[in-house]
Amino acid sequence: MRVFDFDHAILRAPARSVVDGLRAHDGPSPSFEGVAAEHRGYATALADAGVAVDMLAPLEDFPDSLFVEDPALTFPEGAILLRPGTRTRLGEAAHLRTALERHFSLVREIDEGHADGGDVLVTPDLVLIGLSARTDRVGAEALVRALGAIGRKARVVLPPEGALHLKTAVSLIDEDSVLTTRAGADSGLFAGLRQIVVPAGEEAAANALRVNDRLFVGSQFPATLAMLVDEGVERGYAVVPLDTRQIGLIDAGLSCMSLRWSGRQG
Ligand code: CIR
């Protein structure tokens, strides 16, 4: 089984409060209808790729709660509840517990520091945990231990500057390949992997999502899409463009809207 083979996912429907979602820089708010449409497109694309989607109810008190990847991690071996590193999101983890317990016999948790799932890149041999404004050293080390308990080797790294999360700047798109920004490639963090650099001006496209034989890429990134189509044919995946312009207004991309795993060992 490859690390991007998934047959289950948990998603959370956006709340109307999503218009107040966090963003690093002042800018326009997304519309609820726009986010909801992008979220529906994403859920449909996952289902089309062969994934059974468990859609959780919206949480009005948590504007960013549709980004379920930040408060938890899921693997075939088990789930881990995290401690998101920003005040308005810390409470999201508790709201995921019941859903995780429905799918996993054991739900571990980190109990100190802070860590966001957006800072966690899973590669075939190693889990990379990026330190960021959301993930601190104490949380990252607690996560290394939790991952160790389910048999995953992990390393704490310093991601390229300027990215909200590690995965803002990188995605695993094949067993030996990452899609990353120029800064990500220059950081040396992914030196053991084949690095495909997104064209200048399309840095946000580096947050793509590989699911089974599909690669989801933001549809607003034409140069990246054009670059990846041939690569996909050669490597056996189809490139699927998905609109992320509305969630992009609140610093989100394709990986953060789902928790994914293969149930074959879970
Ligand atoms: C936040 O700032 O937490 C949200 N507005 C966006 C979270 C995106 N999450 C991710 O990329 N893993």
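The shown structure was predicted, so the numbers you read here are calculated from the model rather than taken from an experiment.

J.: What should I look at first to understand the environment of A226 in this one?
T.: Mapped onto the elements, A226 comes out in helix α5 (residues 222–235). As for A226 and V239, which are separated by 13 residues in sequence, their C-alpha atoms are 9.6 Å apart.

J.: Would you mind going over the pattern of salt bridges with me for this structure?
T.: Pairs can form between side chains of opposite charge whenever their charged atoms are close. Applying the stated criterion to the full structure yields 21 salt bridges. Put simply, R102 and D54 hold a salt bridge, and the shortest N to O gap is 2.9 Å. On the criterion of sequence distance, the pair formed by R102 in helix α2 (residues 92–103) and D54 in strand β2 (residues 52–56) is long-range, its members being 48 residues apart. A salt bridge links E69 to K167; the shortest N-O distance between them is 2.8 Å. With E69 in the loop between β2 and β3 (72–75) and K167 in the loop between β8 (154–157) and β9 (170–174), this residue pair connects regions lying 98 residues apart in the sequence. Given the relative accessible area of 3%, E69 is considered buried. Three or more residues are tied together by salt bridges with common partners; here these are D174, D176, R194, R210, E231 and R235.

J.: Would you take a moment to explain the site of the ligand for this structure?
T.: Around the ligand, 14 residues are found, and the nearest of them are L22, D64, D70, R89 and I250. At 2.9 Å, a side-chain N or O of R134 approaches an oxygen atom of the ligand. One nitrogen or oxygen atom from the main chain of I250 is found 2.8 Å from a nitrogen atom belonging to the ligand. Considering the ligand on its own, with 340 Å² of exposed area, one finds that the protein chains cover 98% of that surface. Residues that form the shell around the ligand fall into these classes: six nonpolar, two polar and six charged.

J.: Mind showing me how you'd approach the sheet that holds strand β11 (residues 194–197) here?
T.: Sheet architecture is open: three strands sit in the order β9-β10-β11, paired in mixed fashion. At either end of the open sheet lies a strand with only one pairing partner, and these are β9 and β11. Averaged over neighbouring strand pairs, the angle between their axes works out to 30° when direction is ignored. Where strand β10 (residues 177–180) lies against β11, four bridges are found, and the strand directions are parallel. Residue L179 lies in a different strand from β11, and its bridge partner there is I196. Strands β9, β10 and β11 of the sheet are contacted by α5, whose axis makes an angle of about 150° with β11.

J.: Before we go on, may I ask you to explain the nonpolar core in this structure?
T.: Among soluble globular proteins, nonpolar side chains are generally buried collectively. Core analysis: the largest hydrophobic core is formed by 36 residues, its most contacted members being Y42, L46, F67, L166, F190, V211 and F216. Beyond its immediate sequence surroundings of up to four residues, Y42 is in contact with L11, L209, L242, L254, S255, M257, S258 and R260.

J.: Is there a simple way to explain the side chain of T224 in this structure?
T.: Along the chain, T224 turns up in helix α5. The class of T224 is buried, set by a relative accessible area of 0%. Once residues lying within four places of it in the same chain are set aside, the contact partners of T224 are L179, V198, P199, E202, A205 and V217.

The rules behind each value
- Residues numbered from 1 in each chain as written.
- Predicted model: local features only at pLDDT ≥ 70, side-chain atom pairs only at ≥ 80, totals over all residues.
- Heavy atoms only, no water.
- Helix = DSSP H or I, 4+ residues; strand = E, 2+ residues; numbered from the N terminus.
- Salt bridge = Lys/Arg side-chain N within 4 Å of Asp/Glu carboxyl O.
- Buried < 20%, exposed > 50% of the residue type's maximum accessible area, 1.4 Å probe, protein only.
- Near = heavy atom within 4 Å.
- Polar contact = N/O pair within 3.5 Å; in protein donor to acceptor, adjacent residues only side chain to side chain.
- Areas by Shrake-Rupley, 256 points an atom, 1.4 Å probe, with all protein chains shown as cover.
- Nonpolar A, V, L, I, M, F, W, Y, C, P; charged D, E, K, R; others polar.
- Pairing = 2+ DSSP bridges.
- Axes fitted to C-alpha atoms, helices over the stretch in contact; angles between N-to-C directions.
- Contact = heavy atoms within 4.5 Å.
- Core = buried A, V, L, I, M, F, W, Y, C linked by side-chain atoms within 4.5 Å.

Nothing here speaks to function; it is all geometry.
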